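# Observations on the model geometry
Listed below, chain by chain, are the residues.
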Amino acid sequence: QVQLVESGGGLVQPGGSLRLSCAASGSIFSTAAVAWYRQAPGKRRELVAAITRGGDTNYAGSVKGRFTISRDNAKNTVYLQMNSLKREDTAVYYCNVPSGDFVLFAWGQGTQVTVSS
């Protein structure tokens, strides 16, 4: 069973930056698209950014131009660089492998991102 471990979250002021990391047990990331999701209190989990096996990327409109997803297949790790953070980016961030409207693996614990002054 693949385990996903997210890290890098924290408390940051509006306008600040954070870089999230997602590590997977096994080498699944080198052969699959990977996405970052987030869930804010009282809201549904939403897709934030995705990167294909070949490196093509896709972003939610709310983060386009501010967030960058990247991958290091050799390290089996996917990153999310978040710049110009806004209060509405506050959420728990998760990674997973998308499969249509679903995901392939059990959700990890996620990493909390709090944007506040």
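Please refer to the structure placed before this passage.
Every chain is numbered on its own, with residues counted from 1 as its sequence reads. Confidence filtering applies because this is a predicted model: local features only for residues at pLDDT of at least 70, side-chain atom pairs given and counted only at 80 or more, and all residues used for totals across whole chains, interfaces and linings. Excluding hydrogens and water, the side-chain figures rest on all heavy atoms present in the structure.

Attention now moves to the nonpolar core. The nonpolar side chains of a soluble globular protein tend to be buried, and buried together. Buried residues of nine kinds, namely Ala, Val, Leu, Ile, Met, Phe, Trp, Tyr and Cys, make up a nonpolar core once their side-chain atoms join them within 4.5 Å. Between buried and exposed lies partly exposed: a residue is buried under 20% and exposed over 50% of the maximum accessible area for its type, with that area taken using a 1.4 Å probe on protein chains only. Residues Phe-29, Trp-36, Phe-67, Ile-69, Leu-80, Met-82 and Tyr-93 are the most contacted members of the largest nonpolar core, which totals 31 residues. Secondary structure elements are defined from DSSP: runs of H or I of at least 4 residues count as helices, runs of E of at least 2 residues count as strands, and each element is numbered from the N terminus. Elements represented by at least two residues in this core include exactly strand E3 (18–24), strand E4 (34–39), strand E5 (46–51), strand E7 (67–72), strand E8 (77–82), strand E9 (91–96) and strand E12 (111–115). In this view, Phe-67 contacts Arg-38, Val-48, Tyr-59, Leu-80, Gln-81, Met-82, Asn-83, Leu-85, Asp-89 and Tyr-93; residues no more than four positions away in its chain are not counted. Whether two residues are in contact is decided by their heavy atoms: any pair within 4.5 Å suffices.

Below, the discussion takes up the pairing of E8. Taken across its six residues, E8 has five buried, putting it largely inside the fold. Note on pairing: DSSP must find at least two bridges between two strands before they are called paired. Inspection of the sheet shows E3 paired to E8 by six bridges, in the antiparallel sense. Looking at the pairing, Ala-23 lines up with Thr-77 of E8. Both E7 and E8 contribute to a ladder of six bridges, which runs antiparallel. Looking across to E8, one finds that Arg-71 is bridged to Val-78. The turn linking E7 back onto E8 is made up of four residues, and Asn-76 within it adopts a positive phi angle of 55 degrees.

Secondary-structure assignment places Val-34 in strand E4. Judged by relative accessible area, Val-34 falls into the buried class, the value being 0%. Between the C-alpha atom of Val-34 and that of Cys-22, which follows or precedes it by 12 residues, the distance is 9.6 Å. In this structure Val-34 touches Phe-29, Ala-49, Ala-50, Ile-51, Ile-69, Arg-71, Val-78, Asn-96 and Pro-98, once residues within four positions along its chain are discounted.

At Asn-76, a residue that is not glycine, the phi angle is positive and equals roughly 55 degrees. Secondary-structure assignment places Asn-76 in the loop between E7 and E8. According to the relative accessible area criterion, Asn-76 is buried, its value standing at 8%. For Ser-84, which is not a glycine, the phi torsion comes out positive at approximately 50 degrees. Look at Ser-84 and you get partly exposed, because its relative accessible area is 39%.

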